[in-house]
Amino acid sequence: MAACTRRAAEVLCLVRTLRQIQHQNERFISTSLPHLAAGGDGRPPKFTPPPKPVIVDKTQSEASLRRFLSPEFIAPRSRTSGLKFVVERKDMVQRRKVLNIPEFYVGSILAVSMKDPYANGKTNRFVGICTQRKGSGLGATFILRNIIDGQGVEICYEMYSPRIQAIEVLKLEKRLDENLMYLRDALPEYSTFDFDMKPAPHNPTADVPINTVKVRMKPKPWSKRWERPKFNFQGIRFDLCLTPEQMEHAQKWAQPWLEFDMMRHHDTAQLEEAIYKEVQAELSK
Amino acid sequence: MRLTLRALISHGRVARRMGLGPESRINMLRNILTGLVRHERIETTWARADEVQFYAEKLIDYAKRGDTDEKAMQMANFWLTEKDLLPKLFKVLAPRFENQSKAYTYMARLPNRENLDRAAMAVLEYKGNPFPPLFPAKRENELTLINQLLKGYREERAQLSGSKP
């Protein structure tokens, strides 16, 4: 009996301190402990877990965070005047202030919720692996691929579309290739992802992990000849599906002079620096 | 249904079509570029000179990185078919253009070729070459009447300003 009263007194003390903290920091959810502890009926108070602490990690400085500039900010090589890109970037930053578009790469697993007038709840959510990122500026798109009920589904989302309500990165990683179109001809296990996948934690300072998985393909014919050197895919296990003669035959389409052709070289390092600074300045406004 | 005529429309294409195909074009430009690096002034058709001008300047940009740079050495090794020109590129041409940033070449048109094809010819050279200049500085004729009068006027002015202070 005495123990009970002591515990009740302790609880009341805790509640008083919590109420004080509550007034100082409105972010806390109401505990409802005072409400139930003072209850007169004989039932024991319903257990409500304590509020989760808010962790603010001040150990890592801003300088050590990974610098990332989304590729659609970098304008393609063209004769368009710079004004169009400046204005477009302003609009992109405006949209980013409203909707958080996280950092992701081809090969990361994303979940996108989009407004849909014909879905119940008016939103539909799709989870998939990002196979391509195309376009630049406001029209930038990314394609998510998943296999649902045995049917492969690829959905192309526009990053800055107002219909998109949330983009969540469930697993942040890179792959060996910039373009994962070959997953269409790979075994289905490489493209199936659970819709209820839990987001995996990722480190904001370390380098993005590269998933070096080499994908096993279905037997030929494929939708495109992925072994040809113009694709230069590293992420396919050719040794399991092609003979060395076929690999050599594919090399006939090799163009070894292409990497030395200086007309095709486009160095974007300085452009990236300038655009990164501009975007950071705009975001902080 | 294909809605674009890729074969006929060439919007934004910078590279000319030369020779028998892309490989042939690159090989031809390689030979001309090697000749340019060896002789520092060459004479070809206007179209080839125009293409090689771009590649010649980009090669100098790569050479400026230095011969310790892996990428620069690979590019120079590819573009110069005669390997005794590699030291010349890195040790003579790159230091010559250290202070310039863009224009390392001059191109001037020549009279059309005497052959049946009457092809438009051009001469392409690296600046700082030992030959007499392509665009010599024109001196006005001092013995015309007006120039003599002006010369006299300038001398009088110099005398007056010399005697005054």
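Look up: the structure comes first, before these words.
Rules and cut-offs
- Residues numbered from 1 in each chain as written.
- Chains lettered and ligands numbered in written order.
- Predicted model: local features only at pLDDT ≥ 70, side-chain atom pairs only at ≥ 80, totals over all residues.
- Heavy atoms only, no water.
- Helix = DSSP H or I, 4+ residues; strand = E, 2+ residues; numbered from the N terminus.
- Buried < 20%, exposed > 50% of the residue type's maximum accessible area, 1.4 Å probe, protein only.
- Contact = heavy atoms within 4.5 Å.
- Areas by Shrake-Rupley, 256 points an atom, 1.4 Å probe, with all protein chains shown as cover.
- 1 Å grid on protein atoms, 1.4 Å probe; cavity = no way out; pocket = protein on both sides within 12 Å on 5 of 7 lines; lining within 4 Å.
- Points joined across faces, edges and corners; volume = space filled by probe spheres on them.
- Nonpolar A, V, L, I, M, F, W, Y, C, P; charged D, E, K, R; others polar.
- Axes fitted to C-alpha atoms, helices over the stretch in contact; angles between N-to-C directions.
- Parallel < 35°, antiparallel > 145°, perpendicular 65-115°, else oblique.
- Left-handed = near helix turned anticlockwise from the far one by under 90°.
- Salt bridge = Lys/Arg side-chain N within 4 Å of Asp/Glu carboxyl O.

A. A look at the overall build of chain A. What chain A contains, in helices and strands, is 6 helices and 7 strands. Mapped from its N terminus to its C terminus, chain A presents α and β elements in the order α-α-α-β-β-β-β-β-β-β-α-α-α. A total of 285 residues make up chain A; the buried ones form 33% of that total. Of the contacts formed within chain A by residues at least 6 apart in sequence, a portion of 65% connects residues at least 24 apart. Working note: accessible area of chain A is about 19,100 Å², and carbon and sulfur atoms make up 54% of it.

B. The arrangement of the environment of Ala-206 of chain A in detail. Looking at the element boundaries, Ala-206 of chain A is found in the loop between β6 (174–175) and β7 (210–211). Put simply, Ala-206 of chain A and Glu-227 of chain A are 21 residues apart on the chain and 33 Å apart in space, counted from C-alpha to C-alpha.

C. Molecular detail of the layout of surface pockets. Considering only enclosed or pocket space, the largest pocket measures out at about 1,000 Å³ in volume. If you trace the largest pocket, you find 27 residues lining it, with Arg-264 of chain A together with Arg-13, Val-14, Ala-15 and Arg-16 of chain B closest to the centre. Considering each element in turn, the lining of the largest pocket owes the most residues, 3 residues, to helix α1 (residues 22–39) of chain B. A class-by-class count of the residues in the lining of the largest pocket yields 12 nonpolar, 6 polar and 9 charged. Put simply, the second largest pocket is a space of about 780 Å³. In this structure, the second largest pocket is lined by 23 residues; those nearest its centre are Arg-66, Phe-68, Ile-101, Glu-103 and Gln-280 of chain A. Of all the elements, helix α6 (residues 269–284) of chain A adds the most residues to the lining of the second largest pocket, at 4 residues. A breakdown of the residues in the lining of the second largest pocket according to their chemical character gives 14 nonpolar, 4 polar and 5 charged.

D. Quick peek at the packing of α1 of chain B against helix α2 (residues 46–64) of chain B. Residues and elements named next belong to chain B. Taken N-terminus to C-terminus, the directions of α1 and α2 make an angle of 70°; their axes are 10 Å apart at the nearest point. Classified by the angle between their axes, α1 and α2 sit roughly perpendicular to one another. With respect to the hand of their crossing, α1 and α2 are arranged in right-handed fashion. Note on element contacts: α2 touches α1 through Arg-48, Glu-51, Val-52, Tyr-55, Ala-56 and Leu-59, opposite Arg-25, Ile-26, Met-28, Leu-29, Ile-32, Leu-33, Leu-36 and Val-37. Partitioned by chemical class, the residues of the contact of α1 with α2 number 11 nonpolar, no polar and 3 charged.

E. Representation of the pattern of salt bridges. Residues and elements named next belong to chain A. Counted under the stated rule, the structure contains 27 salt bridges over all chains. Arg-67 is paired through a salt bridge with Glu-273; the nearest N and O atoms lie 3.3 Å apart. Taken as a pair, Arg-67 in the loop between α2 (33–37) and α3 (82–98) and Glu-273 in helix α6 lie far apart in primary sequence, 206 residues in all. According to the relative accessible area criterion, Arg-67 is exposed, its value standing at 51%.

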